[in-house]
Amino acid sequence: MEMLTLALAKGRIAKDAISLLEQAGIQFDDFHDQTRKLVFQSADGKYRLLFVKAVDVPTYVETGAADIGIVGKDTIMEAGADVYELLDLGLGACQFVVAGLGDSVKRKQRLTVASKYPVIATQFFERKNIPIETIKLNGSVELAPLIGMADVIVDIVETGTTIKENGLSIIEEVETISTRLIANKASFATKTKATQQFIMQLEAILEGNQ
Ligand code: PRP
């Protein structure tokens, strides 16, 4: 069977994703979450793993540099990549929220929204017919309302610690997100058997873990 190339997002979910793969019998012997190595070969020789920034995973998969990818739904939505979403891996579950200081939404005609996810923020407020201006930030988004740079943020809340420690509150929940398995459309057609087998292995573990 042909080898599958898997792009795995660095960061919070990497360790859990590797552990899930191990449970499914797919072992990357020299992987550890602090590694600076970028390419790994599975012990069985069936998989090549590319360890890349989360934001780039949809690009690797969409271009076919990787056949499959493991990355958060947030990143997939923001990228708008033309890929198949095959499986919810149930890892890294968190909430997309609108958050701000007190009544920051009510006072404004036109909201300024800071976010690492301007596409998602724009789509969300468009559905509600609320005019906004977005400010793209790459991290520490919670700072924006505190210094008057933005009225609200659209961001991810996992434990709620960052929001709480910065005196912000959740104004509205947008949606629940989690880590997904995605696939390149052409690869899915040409490497169907290998991809299906991979999905079945993961599904068996996910069902067992429930
Ligand atoms: C994410 C997110 C929030 C925080 C939420 O940021 O953008 O800031 O985690 O997690 P919590 O609810 O558990 O506090 P990340 O840690 O990726 O860092 P960043 O701000 O540099 O993007």
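Residues numbered from 1 in each chain as written. Predicted model: local features only at pLDDT ≥ 70, side-chain atom pairs only at ≥ 80, totals over all residues. Heavy atoms only, no water.

K.L.:
Tell me about the sheet that holds strand E8 (residues 132–136), and name the residues and values.
P.N.:
The strand order across the open sheet built from five strands is E8-E7-E9-E6-E10, with neighbouring strands paired in mixed fashion. Looking at the sheet topology across the chains shown, the edges are occupied by E8 and strand E10 (169–177). Adjacent strand axes in the sheet meet at a mean angle of 25°, parallel and antiparallel pairs treated alike. With five bridges joining them, strand E7 (residues 111–115) and E8 adopt parallel strand pairing. Directly across from Ala114, in E8, lies its bridge partner Ile135. (Pairing = 2+ DSSP bridges. Helix = DSSP H or I, 4+ residues; strand = E, 2+ residues; numbered from the N terminus. Axes fitted to C-alpha atoms, helices over the stretch in contact; angles between N-to-C directions.)

K.L.:
Please set out the pattern of salt bridges residue by residue, giving values where relevant.
P.N.:
Under the definition given, this model contains nine salt bridges. Where Glu85 meets Lys73, a salt bridge forms, and the shortest distance between an N and an O atom there is 2.8 Å. Taken together, the positions of Glu85 in strand E5 (residues 84–88) and Lys73 in helix H3 (residues 73–79) put the pair 12 residues apart, joining distant regions of the chain. With a shortest N-O distance of 3.6 Å, Asp88 and Arg180 are connected by a salt bridge. With Asp88 in strand E5 and Arg180 in strand E11 (residues 179–183), this residue pair connects regions lying 92 residues apart in the sequence. Note on Arg180: relative accessible area 12%, which makes it buried. Among the charged side chains, a salt-bridge network with shared partners connects Lys73, Glu85, Asp88 and Arg180. (Salt bridge = Lys/Arg side-chain N within 4 Å of Asp/Glu carboxyl O. Buried < 20%, exposed > 50% of the residue type's maximum accessible area, 1.4 Å probe, protein only.)

K.L.:
Hey, could you go over the site of the ligand for me, with residue numbers and the actual values?
P.N.:
Arg12, Lys116, Glu142, Thr159 and Thr162 are the nearest of the 13 residues found near the ligand. Measuring from an oxygen atom of the ligand, one finds a side-chain N or O atom of Arg12 at 2.7 Å. Within the side chain of Lys116, a nitrogen or oxygen atom sits 2.3 Å from an oxygen atom of the ligand. For the ligand, whose accessible area on its own is 500 Å², the fraction buried by protein is 72%. Looking at the shell around the ligand, the elements with two or more residues in it are strand E9 (152–157) and helix H6 (161–165). (Near = heavy atom within 4 Å. Polar contact = N/O pair within 3.5 Å; in protein donor to acceptor, adjacent residues only side chain to side chain. Areas by Shrake-Rupley, 256 points an atom, 1.4 Å probe, with all protein chains shown as cover.)

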